[in-house]
Every structure is written in structure tokens, then in C-alpha cells.
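Survey of secondary and tertiary structure
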Amino acid sequence: MTVSPVRTGLPARTAAAEVLHRVFGYDEFRGNQSEIIEHVSSGGDALVLMPTGGGKSLCYQIPSLVREGTGIVISPLIALMQDQVDALSAVGVRAAFLNSTQAADVKADVERAYLAGELDLLYLAPERLRVPSTATLLDRGKIALFAIDEAHCVSQWGHDFRPDYLQLSMLHERWPTVPRIALTATATEQTHAEIATRLQLGEARHFVASFDRPNIQYRIAGKNSPQQQLLQLVRSEHDGDAGIVYCLSRASVEKTAEFLVSNGIPALPYHAGLPATVRAANQSRFLRDDGIIMVATIAFGMGIDKPDVRFVAHLDLPKSVEGYYQETGRAGRDGLPSTAWLAYGLQDVVQQRRMIADSEGDDAHRRKLSAHLDAMLALCETVECRRMQLLAYFGETSTPCGNCDTCLSPPESIDGTIPAQKLLSTVVRLQRERNQKFGAGQLIDILLGKRTPRVEQNRHEELSTFGIGTDLTEPEWRSVVRQLLAQGLLTVNSDGFGTLVITEASSQVLSGARKVSLRKEPERQAKRSSRTIKAGADLAPEAASLFETLRTWRGAEAKELGVPAYVIFHDATLREIATARPTTLAGLGTMSGVGESKLEKYGQKILEAIAAA
Ligand code: ADP
Ligand code: ZN
């Protein structure tokens, strides 16, 4: 079945509300969806900044249904186009895609359907537009609008740059009267401005939503044994949940996935070094099966719209706040409580500073990378609310959130001038008296007065700072070193060995002209204020049992159709049905997420399940 088109000449607003209700089964627009949809439906250009899970898709899907012709969606997410089309087909929208993975006859079918005006939405990979025949094809049909999804891919300095996005300015040149809507979940001023310029969206109205994701609990922990810490997180808070674990290197992705599997936790690896078929298979299992943990490099995740990812863990320090916020935003798209957890340690800072020093490109580029890292470090070392700091990074002011680690168990800010002086003067002495440079390990051994073979070999016990730091423990010293690095009072030498040297600012600390404030970890690490709500655990017993029945039915149905379970119905919809127990099709149709098409397809079966329960 396909939904009947709306093009009845109704005012855009009424037509949009009608489609929202009838096709998607939702009662109300969220945030500024309504304004955006009305604006684009009436032919305006729009630039939309909305966080992950904010509801961007409807902003171009509904105008595509309301306007005459086919909405052309430019998306870099080739591997997810099938799922996107499946999800639309499930609600009766006529959608298809064209990309390099298709056989010629399949492509020909899609082209024919487009020309015959049988498509509401057509997804295109940006590289298709490089082929002149694509533009000719589009010209021969009727274009309702262009949607440029993941629009931040046009930003050359951003983390997801796609060269093919640069030529999307041609859309405006070739089809000046077709409305365009560019959408992204990347929110910095800089990216925002860059999108507008590069896509020639000069006339577009800008819609900027709040980037707050209140259901995600932000936590940043000191890193000591990251795999064990991760295991603890999964076992104590996210047993059986789907999650994403980000690691910096391919090797650590594989090791971490193996570690989880050897501990009986279903985990899969994903990185650019794996064969494309393995990547596709792992992604597909993550989307389709329940409770899989994907261990991945940042190559994974853009466009993943699995709504029930319950946690995102970072085992290495991300390179920028922007990237970090995008990655963590993949948790909890369904609005239920979720966790963003990051383990961060001294080695992360050393490694990243080193990578920046060794990176290709000019000084300006290195300064940019450094500025990104500094912002990330400031977030890690803050004693203020994490969310306030995150939102401030995106230009939003807010108040303490009550749902991050610093709000739940506030760390102290202490005067660390004396430990800083002890450490810095050790660095200075080694350099002046011995012409030597060392990494953090040796510096800490000296301060703690440890007579290791390396200390004795270098006669470091003769230094005047030997043993002057026994008032702190080794982990505390590591934290001091880490924070001095983060504050730019110590830096990594460019010799490639990770040795530490002082900076210009260090001398002010040594002379006593500058005080150093340090973050002292709270005694107890923050525990979740409430445990994760297991999908149906908070429902009344009868509803919970019906919910489980419906989930089992949904699982079987999804397997048969070869689509992710959430394409059939979201957990949130099944919860509502299980609680309300409607007895008629009309009643069922009022549940959020039950539109015309799904009601026709599944309504009877669900009513039977309710009656039998
Ligand atoms: P984004 O692309 O911004 O990350 P999506 O478009 O995937 O977000 O929407 C996130 C989730 O919210 C989806 O599951 C979608 O079905 C749901 N959603 C979007 N708009 C509404 C609405 N007005 N009412 C209820 N649910 C909505
Ligand atoms: Zn907070």
C-alpha cells in the first residue's frame, strides 16, 4: 500500500499536520519542526541545526510529501540508504535510492519510477551528481525539493569532510527555483557559517534548535585500566543493552571487542581496515539484533538511527568537542535515559599532543588542532557542570543540569601550585643540570624517591627534587602531570619520544607569579542516580508482560522482513500500546507512532495479541 498524496491545495500548515498524523502516526510536531516544514513546503530555503535525535528527517520528508514532485535527498550514508528506504516504505511512503552499490537493472527501475512521478523521496549519494546523466535525469522529472543531509560534510576542516559535498553548490545554480534544506547535527558557529557559504544558502532561513540532550548522562572518568572499567560499566549499568564503544586505533578496537566477547558480552568490531563486507555485516547485526555492543573507530556511526543505543563509551580522548558531542549523541535517540562515558588519562594527552606536532599541514592547521584539543581537555578537567560547558561550546547558556558526573558528585578545585612547582622544577633541573628530558613515568619516580634501575643508572637520586613528592600517590601525580599538560604549563617535546618540557607559561609558576588550580577527583565516582530503565521494567506487571509479547512478535516480523525491529515499531510505541491496551483499530490508531499504513498492516495482529494476553 502507498499513502495517498496530499497535494490538495490545503494550506502548507494543515497539510503538514495531516501527514504527520496520518502517515507517521504522531500527534504533534517537536520543537521547530512545524515552522521548518511550513517554510520549506512553501518553497523557502532552510538551514537546520538540530541535535541527533531531534527529528530532522521529518523536516524534509513531510515537505516532500506535501509538495508536488519528488524530494531529492543528498546523503553520504550509502550503507544506510536501504534502511532509510525500508523505514519509509513501512509507513507507506514511496521512496528509493540511487548509489554505486546497485545493479544496472535496479537503477533503471528507480529511474523509471522517478520519471513516472511514482516517488515521494529519492536518496542520492553526492558522487552521483558528478555524473552529468544524473542532472539530466533529474531535469526530466519533477523535483519537489533538495534536502542536503549531514550538511557539515561540506566543511573542509570538520571531522567528516566529503569532497563531493563541495560541488553541491551546483544545485542552486542549476535549479535556482527548487527549495533546498540543509541539515546537520554539528553546531559550532564556524561550521554553521561554512555550510551557509559553501552551499550558497545566502537566502535561507536558519533554524537553530537547542542542542541539549537531557536524557544523556555525561561522565568523564580517570583512565586506569580502561577495559576493566568498561566491563564494569556494562555489567553494572548496561547489562544486555546496545552500546557503542569508541577507540582511537584499529588495533585497540579489535582488542577491546575480543576482550568483551571473552567476557561473554556480544561485541563486534568496526573500522576502516576491515573488509567492506565484514563492516556491512557487523553494522547490520548491530542494527538488527538486540543488545550488541559495537566497538569502533570514528569511522562508524554517522547516520546510525538506531533509537535504543543505551550508552556510548570512549576509551580514548576524542580530538574535538564537536566530534565528541556527535558521537555521544548517538545514545538515547528515543529519549530514554542513556549514558555517555569517557575514560581519559595522561597518556591520551601526551599521545594527542604528539600527533598534532607530527601532523602534516601548516602551522595554522596545527594551531587549529591544538585549539580543538584544548577545548576537549578543558571539558575533561572542568569542575563545573559538563553539560553547561558542552552547551557553552555551542553558544548556548544553561544552568547546572543535575545529570552529569560533576553535578552528581562535585569534584573539588584545589590549589596545586606547590605540586606543580615540584614537578616543573624537576623537569628544569634534568634539562639544565643533566641536559636530559624524560617522560611522565621517570619524573614521577624521581618525585616519589623510587630507586629504580633507571633512576640509579642516571644517578637521579642526586637531584635535589628526588623524593620531595611523597605526599602524593602515583595516580595523584599522574593527574597533576595530566592537568599541567591540559593547562599548557607543560608540553610534549617534538622528539617523538613523549618526553616532557616546560613552556613559556611554566616560568611564571616556578617564580610564584602564577597560581595553579587543579581538579581533585571526588572520593567516590558518580553513580547513576537511577539505574537504566530496562525497556519495560518500569511498567505495571500486566503491561510489562504484554510489552514483552509485542516485542517478541515484532522481532519475528522484523526477521521475516529483514529489517531492524524499530522499523516495525519503536519501543516507545509498544510501551504505549501495552499500557493503553486499545481494543479497536481506531483506538490503536491514536497511539504515537501508529500511522495509516502500519495500522492496516499490523493492526489486526496487535489487537489479537492484546485480546489473547
Ligand atoms: P535526527 O535525524 O534529527 O537525528 P530523526 O529524524 O531520526 O532525528 O528523529 C529521531 C526520532 O524521533 C525518530 O525515531 C522519529 O521517528 C522521532 N520523531 C521525530 N519527530 C517526531 C514527532 N513530531 N513526534 C514523535 N516522534 C518524532
Ligand atoms: Zn551537570
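Nothing here was measured: the structure is a model prediction, and the numbers come from that model. (Residues numbered from 1 in each chain as written. Chains lettered and ligands numbered in written order. Predicted model: local features only at pLDDT ≥ 70, side-chain atom pairs only at ≥ 80, totals over all residues. Heavy atoms only, no water.)

1. Some remarks on unusual backbone geometry
Rules: A run of H or I in DSSP becomes a helix once it reaches four residues, and a run of E becomes a strand once it reaches two; helices and strands are each numbered from the N terminus.
The phi angle at Gln 200 is positive, at roughly 50°, despite the residue not being glycine. Within the secondary structure, Gln 200 is located in the loop between α8 (189-198) and β7 (205-208).

2. Remarks on the environment of Gly 416
Heads up, the rule is: For each residue, the accessible area found with a 1.4 Å probe, counting protein chains only, is set against the maximum for its type, and the residue is called buried under 20%, exposed over 50%, and partly exposed in between. Throughout, a contact is declared for two residues whenever any of their heavy atoms are within 4.5 Å.
Topologically, Gly 416 is positioned in the loop between β14 (412-415) and α17 (417-434). Given the relative accessible area of 1%, Gly 416 is considered buried. Residues Gly 416 and Thr 328, 88 residues apart in the sequence, show an inter-C-alpha distance of 32 Å. Not counting chain neighbours up to four residues away, the residues in contact with Gly 416 comprise Val 516, Ser 517 and Leu 518.

3. Describing the domain arrangement of the chain
Counted only if it meets this: What fixes the domain bounds is an automatic or database domain assignment.
Per the domain assignment, the segments of the chain are domain 1 (12-208), domain 2 (216-344 + 382-409), domain 3 (413-520) and domain 4 (541-612). Between the C-alpha centres of domain 1 and domain 3 the distance comes to 54 Å.

4. Focus: the environment of Phe 259
By secondary structure assignment, the location of Phe 259 is in helix α10 (residues 250-262). Residue Phe 259 is classed as buried on the basis of its relative accessible area, which comes to 14%. When the C-alpha positions of Phe 259 and Gln 227 are compared, they lie 7.5 Å apart, and in sequence the two are 32 residues distant. Sequence-distant contacts of Phe 259, defined by excluding residues within four places in its chain, comprise Gln 227, Gln 228 and Leu 231.

5. Digging into the coordination of the zinc ion (ligand 2)
Stated precisely, the cut-off is as follows: For Na, K and Ca the donor cut-off is 3.2 Å; for every other metal, N, O and S atoms count as donors within 2.8 Å. Water does not enter the count, which can leave sites looking incomplete. Labels for metal geometry use angle windows, namely 85 to 135 degrees for all angles of a four-donor tetrahedral site, and for square planar (four donors) or octahedral (six donors) sites opposite donors over 155 degrees apart plus all others within 65 to 115; sites meeting none of these are irregular.
The protein atoms donating to the zinc ion (ligand 2) are Cys 385 (SG), Cys 401 (SG), Cys 404 (SG) and Cys 407 (SG), with metal-donor distances spanning 2.3 to 2.4 Å. One can describe the donor arrangement at the zinc ion (ligand 2) as tetrahedral, given that its four donor atoms subtend angles of 102 to 119° at the metal.

6. Some points on the packing of aromatic side chains
Test applied: In summary, the pairing rule links any two rings of Phe, Tyr or Trp, Trp by its six-membered ring, whose centres are within 6.5 Å, and it sorts them by plane angle into stacked for under 30 degrees, edge-to-face for over 60 and tilted for everything else. Only when the NZ of Lys or the CZ of Arg is both within 6 Å of the ring centre and within 35 degrees of the ring normal is a charge said to sit over the ring.
Considering all chains together, one arrives at eleven aromatic pairs under this definition. Between Phe 211 and Phe 394, the aromatic rings sit 6.1 Å apart at their centres with planes inclined by 35°, giving tilted as the arrangement. With Phe 211 in the loop between β7 and β8 (216-222) and Phe 394 in the loop between α15 (386-393) and α16 (405-408), the pair connects residues that are 183 residues apart, well separated along the chain. This pair shows no difference in class: Phe 211 is buried, exactly as Phe 394 is. Lying over the aromatic face of Phe 286, Lys 306 brings its terminal NZ or CZ to 5.6 Å of the ring centre.

7. Side note on the site of ligand 1
Our working definition: Here a residue counts as near a molecule or strand whenever at least one of its heavy atoms sits within 4 Å of it. Any residue outside Ala, Val, Leu, Ile, Met, Phe, Trp, Tyr, Cys, Pro, Asp, Glu, Lys and Arg is labelled polar, Gly included; the first ten of those are nonpolar and the last four are charged.
In the neighbourhood of ligand 1, 15 residues make up the surrounding shell, with Tyr 26, Gly 53, Ser 57, Arg 333 and His 570 lying closest. In terms of residue class, the shell around ligand 1 is made up of four nonpolar, seven polar and four charged.

8. Quick word on the side chain of Thr 52
Structurally, the position occupied by Thr 52 is in the loop between β1 (46-49) and α3 (57-66). On the accessibility criterion, Thr 52 (14% relative accessible area) is buried. Sequence-distant contacts of Thr 52, defined by excluding residues within four places in its chain, comprise Ala 185, Arg 213, Gln 326, Gly 329 and Arg 333.

9. Here we look at the pairing of strand β12 (residues 309-314)
If a strand is regular, its side chains alternate between the two faces of the sheet. Going by this rule: When DSSP finds at least two bridges between two strands, those strands are taken to pair. Look down the strands so they point away from you; if going from the first strand over the helix to the second traces a clockwise path, that crossover is right-handed.
Among the six residues in β12, six count as buried, and that is most of the element. In terms of strand pairing, strand β9 (residues 242-246) meets β12 through five bridges, oriented parallel. Counterpart to Val 245 in the pairing with β12 is Ala 313. By the bridge criterion, four bridges tie β12 to strand β13 (residues 338-344) in an arrangement that is parallel. In the strand pairing of β13, Val 312 is matched with Ala 340. For the segment spanning β12, helix α12 (residues 321-328) and β13, crossover handedness is right-handed.

10. Some words on the sheet that holds strand β10 (residues 267-270)
Filter applied, for reference: What counts as an axis is a line fitted to C-alpha atoms, over the stretch in contact for a helix, and the angles between N-to-C directions run from 0 to 180 degrees.
With parallel pairing, the six strands of this open sheet are ordered in space as β8-β13-β12-β9-β11-β10. Of all the strands in the sheet, the pair left with one neighbour each is β8 and β10. Neighbour-to-neighbour, the strand axes of the sheet open up by a mean angle of 15°, direction not taken into account.

11. A word on the sheet that holds strand β5 (residues 143-148)
The seven strands lie next to each other as β3-β4-β2-β5-β6-β1-β7, forming an open sheet whose pairing is parallel. The sheet is open, and its two edges are formed by β3 (95-98) and β7, each paired on a single side. Each strand of the sheet is rotated relative to its neighbour by a mean of 20°, with strand direction disregarded. Direction of pairing for strand β2 (residues 70-74) relative to strand β4 (residues 121-124): parallel, over a ladder of four bridges. Bridge pairing in β4 places Ile 74 opposite Leu 124. Against the sheet, α8 makes contact with β1, β6 (180-184) and β7, and its axis sits at roughly 160° relative to β1, the strand it touches most.

12. Here we look at the packing of helix α14 (residues 363-381) against α15
Where we set the bar: Reported orientations rely on four angle classes, namely roughly parallel under 35 degrees, roughly antiparallel over 145, roughly perpendicular from 65 to 115, and oblique for the rest. In this scheme, a crossing is called left-handed if the near helix is turned counterclockwise away from the far one by less than a right angle; it is called right-handed if the turn is clockwise.
Here α14 crosses α15 at 160°, and the two axes come no closer than 9 Å. Judged by the inter-axis angle, α14 sits roughly antiparallel to α15. You can see that α14 and α15 cross each other, and the crossing is right-handed. Packed against α14, whose contacting residues are His 372, Ala 375, Ala 378, Leu 379, Cys 380 and Glu 381, the element α15 presents Arg 386, Gln 389, Leu 390 and Tyr 393 at the interface. Taken together, the residues of the contact of α14 with α15 break down into six nonpolar, two polar and two charged.

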